[in-house]
Amino acid sequence: MLIVAIAFVILLVLGMPVAFAIGISGLLFFFQHPELPRTIPLQLTISQTQNFALLAVPMFIIAGNLMNRSGITERLLELASILTGRLRGGLAQVSIALSALMGGVSGSAIADAAMQSRVLGGEMIRRGLSPGFTAGVLCYGSLLTPIIPPGIGMILYGTIGQVSIGQMFAAGIIPALMLGAGLSIAVSLTARRRGYPPERDRRPTLAEAGLAFRGGFWALLFPVILLVGLRSGVFTPSEIGAAAVVYALFVGAVIYRRLTGRGFVEALEVSLGDIGAVIFLVAVSAIFGYGIVLERIPTLVSGAMLGLTDNLQAVMVLIATFTILAGFVVDATVLIIMLTPIFLPLIRSLGGDPVHFGIVFIIAATIGNFTPPIGAAMYTVCSILKVKVGAYTRESLPLLLSVFLVTLLLVFLPGVVLFLPTLMFR
């Protein structure tokens, strides 16, 4: 597997798309073992996509794109402004609140970061926020999006690790609020030091607050319907994905009346690209994963870590640190697919809760989207706002520290993560 790992890193450095790098390097394992049938790689890629729970991925992607074309962003932006407009940092605080509200709509950190950069980025800079700080807030704020249901990372983790997707959805809500609070504090401290004013100079009236809440009500109801549907047993994760598409069509066409025929077609076109990328990645990862299992890599990793410590929290800190560092060079989706079969058995052997670990692991994997050298969300935002990566990296350090501290806190407070799953599902 060492040759396979080296080949994977070399292909990434050469700029090959991640999915092809995984598939090609995985094939090298079979060339090293001529005794293995040559038909196995093809069988693996096909069988990997036959998991019924994976149907939730394309369904939620389509639902998110339909909701985004239903005029929901403008309504949630107004609600975010009402909720956080009087805090120091102005539109930076609004951006973080909007990411939390958009979690049930987008499900993707990169999509949320790109959307907010186009909607808020230019205005934030015009109102006096430095470009590097603006890009940092827009990036790190989007971390909340995949943690609030229906995050695609949660579906992949639950499918690969045989963990309840419904419990993962419920477990993400409180940590997302904690991350939002941590980022808001970091923004407030920076704004106070730099003299950034609030967005609003007065409290909203009851009428303004009611109107804003009414506008965002249907979007806020989306995650609630997901959790209630799963908890009541009315839907499986795959079925509720299809229900989410119907819900998005109803909200867009009937409630908001903003989803046109053209918008529907555009949503499907974007969804096809997103779905193809994710499912192809899942399929070829089976080739790579076969070698990991055959070479007993999970057992070797477990033995190495247990040689250092058998304390559950210490092992989780080590895994989170390794995942964050790996995220500097590998995409979050890839990390979830490749590392879940390695680390989850170790956590289970130590008596850890797979739902608790899953939330910490997904947060740690997603952080890589915001850091050099290959952070996808980072490059997306910096490209849209024309901000240099160096300035972004410097000015986003308080936000990175805030996220790291909250993640560390979640490791040692499993009860906080598991409160809602225990209340709803156990």
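Let me sum up the structure you'll find in this document. Just so we're clear, the structure is a prediction, and the values are computed from it rather than from any experiment.

## Remarks on the state of the cysteines
Moving on, step 1. Per the stated rule, a full pass over the model turns up 0 disulfides.
Moving on, step 2. Lacking any disulfide linkage, Cys-139 is separated from the closest cysteine sulfur, that of Cys-382, by 6.2 Å.
Moving on, step 3. Relative accessible area serves as the criterion here: at 4%, Cys-382 is assigned to the buried category.

## Some thoughts on empty space enclosed by the protein
Moving on, step 1. Overall, the coordinates contain 1 cavity of 30 Å³ or more when judged by the stated rule.
Moving on, step 2. As a volume, the largest cavity reaches approximately 50 Å³.
Moving on, step 3. Taken together, Val-317, Ala-320, Thr-321, Ile-324, Phe-404, Thr-407, Leu-408 and Val-411 make up the lining of the largest cavity.
Moving on, step 4. Secondary-structure elements contributing two or more residues to the lining of the largest cavity are helix 16 (312–326) and helix 21 (397–412).
Moving on, step 5. Residue composition of the lining of the largest cavity, by class: 6 nonpolar, 2 polar and no charged.

## Quick word on a nonpolar patch on the surface
Moving on, step 1. Together, Leu-401, Phe-404, Leu-405, Leu-408, Leu-409, Phe-412 and Leu-413 make up an exposed nonpolar region whose accessible area comes to about 620 Å².
Moving on, step 2. Relative to the helices and strands, Phe-412 is located in helix 21.
Moving on, step 3. With a relative accessible area of 49%, Phe-412 lands in the partly exposed category.

## Some details on the pattern of salt bridges
Moving on, step 1. Throughout the structure, instances matching the rule amount to 2 salt bridges.
Moving on, step 2. Glu-395 is paired through a salt bridge with Arg-194; the nearest N and O atoms lie 2.8 Å apart. Taken as a pair, Glu-395 in helix 20 (residues 389–395) and Arg-194 in helix 11 (residues 173–194) lie far apart in primary sequence, 201 residues in all.
Moving on, step 3. Among the residues examined, Glu-395 registers a relative accessible area of 17% and is labelled buried.
Moving on, step 4. Here Arg-262 makes a salt bridge to Glu-266, at a shortest N to O gap of 3.3 Å.

Scoring rules and cut-offs
- Residues numbered from 1 in each chain as written.
- Predicted model: local features only at pLDDT ≥ 70, side-chain atom pairs only at ≥ 80, totals over all residues.
- Heavy atoms only, no water.
- Disulfide = S-S within 2.5 Å.
- Buried < 20%, exposed > 50% of the residue type's maximum accessible area, 1.4 Å probe, protein only.
- 1 Å grid on protein atoms, 1.4 Å probe; cavity = no way out; pocket = protein on both sides within 12 Å on 5 of 7 lines; lining within 4 Å.
- Points joined across faces, edges and corners; volume = space filled by probe spheres on them.
- Helix = DSSP H or I, 4+ residues; strand = E, 2+ residues; numbered from the N terminus.
- Nonpolar A, V, L, I, M, F, W, Y, C, P; charged D, E, K, R; others polar.
- Patch = residues over 30% accessible without salt bridge, like charges linked within 9 Å, V, L, I, M, F, W, Y side chains within 5 Å.
- Areas by Shrake-Rupley, 256 points an atom, 1.4 Å probe, with all protein chains shown as cover.
- Salt bridge = Lys/Arg side-chain N within 4 Å of Asp/Glu carboxyl O.

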